[in-house]
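# Coordinate inspection notes
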Amino acid sequence: EGAAHADGKGPSIWDRFCERPGAIADGSDGTVACDHYHRLTEDLDLIAELGVTAYRFSVSWPRVQPEGRGAWNAAGLDFYERLVDGLLARGVKPYLTLNHWDLPEALQAHGGWATRDTVHRFVDYALGMHARLGDRLAAITTHNEPWVIATLGHEQGIFAPGLKQRATAAQVSHHLLLSHGLALKALRAAGSTARLGIVLNLAPVHAASDSEADLAAARLEDGRLVRWYLDPLFH
């Protein structure tokens with residue numbers, strides 16, 4: 001949505017990651033991007049003209065709560081309120097995603113998703129957004145693609161925050177799932193009438209052959225990508 005440093009928004013882990021030389025192949029960042037923050041009305045008109053009936057958008061946590069805890073940023077909250085009201089005025093249902101990878105840098109400085117405290121900060125954040133927008137939302141999803149956050153961000157290091165620590169990645173994935181569960185429990189207790197869920201990136205895994213080694217490799221990959229997330233959610 002651009003406006004990475006405008007109107008009181010705090011830095012996110014992606015803002016910091018993009019500043020690392022060589023982290024992004026072409027050196028681009030999210031400072032301007034599609035400039036949705038400044039083109040909101042125009043963008044909402046385009047969405048309506050497409051004829052779609054629902055729009056899924058992501059709230060930037062550091063835009064509404066720069067430190068990831070404590071004080072809220074009125075300008076950031078106002079932006080998303082205008083977005084939601086603008087969608088409804090055009091007959092488009094708002095589908096809100098709470099965490100689309102851009103954790104506040106202030107929380108990362110204290111361990112980020114590798115620490116259990118971030119789980120509870122996320123629940124507070126979810127309740128804060130529900131208090132401001134919940135009466136107008138068709139759906140709330142907690143996390144966008146937790147596998148990406150854990151594996152690409154904390155094991156392979158090619159996404160923010162750029163760590164290469166397999167044990168940390170496993171802990172991060174656990175905390176993301178835990179925060180999802182606790183946030184949904186809290187939102188239900190708060191009387192949320194929106195559909196609640198999570199967005200996973202899933203893919204079928206097939207063995208290259210019927211050999212024992214290939215079957216075992218496929219089973220392992222399916223476990224890491226699919227069952228690691230679906231088993232806690234469904235069982």
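As shown above, the structure is provided for reference.
The paragraphs below set out a description of the structure included in this document. (Residues numbered from 1 in each chain as written. Predicted model: local features only at pLDDT ≥ 70, side-chain atom pairs only at ≥ 80, totals over all residues. Heavy atoms only, no water.)

What follows deals with the overall build of the protein chain. From N to C terminus, the protein chain includes nine helices and four strands. Reading the protein chain from its N end, one meets helices and strands in the order α-α-β-α-α-β-α-α-β-α-α-β-α. Compactness check: the protein chain gives a C-alpha radius of gyration of 19 Å against a globular reference of 18 Å for 235 residues, within 12% of the reference. Seen along its three principal axes, the alpha-carbon backbone of the protein chain occupies a region of about 60 × 40 × 35 Å. Within the protein chain, the proportion of its 235 residues that are buried is 47%. Sequence separation of at least 24 residues holds for 75% of the intrachain contacts in the protein chain that already meet a minimum separation of 6. (Helix = DSSP H or I, 4+ residues; strand = E, 2+ residues; numbered from the N terminus. Rg over C-alpha atoms; globule rule 2.2 N^0.38 Å. Buried < 20%, exposed > 50% of the residue type's maximum accessible area, 1.4 Å probe, protein only. Contact = heavy atoms within 4.5 Å.)

This part is about the packing of aromatic side chains. What the rule picks out here adds up to twelve aromatic pairs. Three or more aromatic residues link up through ring pairs in this structure, and these residues are Y37, Y55, F57, F79 and Y80. (Phe/Tyr/Trp six-rings, centres within 6.5 Å; stacked < 30°, edge-to-face > 60°.)

What follows concerns the environment of T53. For T53, the position within the fold is in the loop between α2 (40-50) and β1 (54-58). It is 19 Å that separates the C-alpha atoms of T53 and H36, two residues lying 17 residues apart in sequence. Among all residues touching T53, those that are not within four sequence positions of it are G91, V92 and K93.

Once that is clear, we can look at the sheet that holds strand β2 (residues 93-99). Sheet architecture is open: four strands sit in the order β1-β2-β3-β4, paired in parallel fashion. The strands lining the two open edges of the sheet, one partner per strand, are β1 and β4 (195-199). Neighbouring strand axes in the sheet, compared pairwise and without regard to direction, differ in orientation by 25° on average. Note that β1 and β2 share five bridges and pair parallel. Across the sheet, residue Y55 finds its bridge partner in β2, namely P94. Along the sheet, helix α6 (residues 116-133) contacts β2 and β3 (139-144); its crossing angle with β2, the most-contacted strand, is approximately 160°. Relative to the sheet, helix α8 (residues 166-189) contacts β2, β3 and β4, its axis offset from that of β3 by approximately 165°. (Pairing = 2+ DSSP bridges. Axes fitted to C-alpha atoms, helices over the stretch in contact; angles between N-to-C directions.)

In this section: the pattern of salt bridges. Evaluated as defined, the whole model comprises 17 salt bridges. The shortest N-O distance in the salt bridge between D85 and R136 comes to 2.9 Å. Linking D85 in helix α4 (residues 74-89) with R136 in the loop between α6 and β3, this pair joins segments that are 51 residues apart in sequence. Between D135 and R136 there is a salt bridge; the shortest N-O distance is 3.1 Å. (Salt bridge = Lys/Arg side-chain N within 4 Å of Asp/Glu carboxyl O.)

So, about the packing of α6 against α8. Contact geometry of α6 with α8 gives a least axis separation of 9 Å together with a crossing angle of 35°. As α6 packs across α8, the resulting crossing turns out to be right-handed. Counted together, R116, V119, H120, F122, V123, A126, L127 and H130 of α6 and H174, H175, L178, S179, L182, A183, A186 and L187 of α8 form the full contact between these two elements. In the contact of α6 with α8, the residues fall into ten nonpolar, five polar and one charged. (Left-handed = near helix turned anticlockwise from the far one by under 90°. Nonpolar A, V, L, I, M, F, W, Y, C, P; charged D, E, K, R; others polar.)

Quick look at the side chain of T141 now. Structurally, T141 can be placed in strand β3. Its relative accessible area of 14% is what places T141 among the buried residues.

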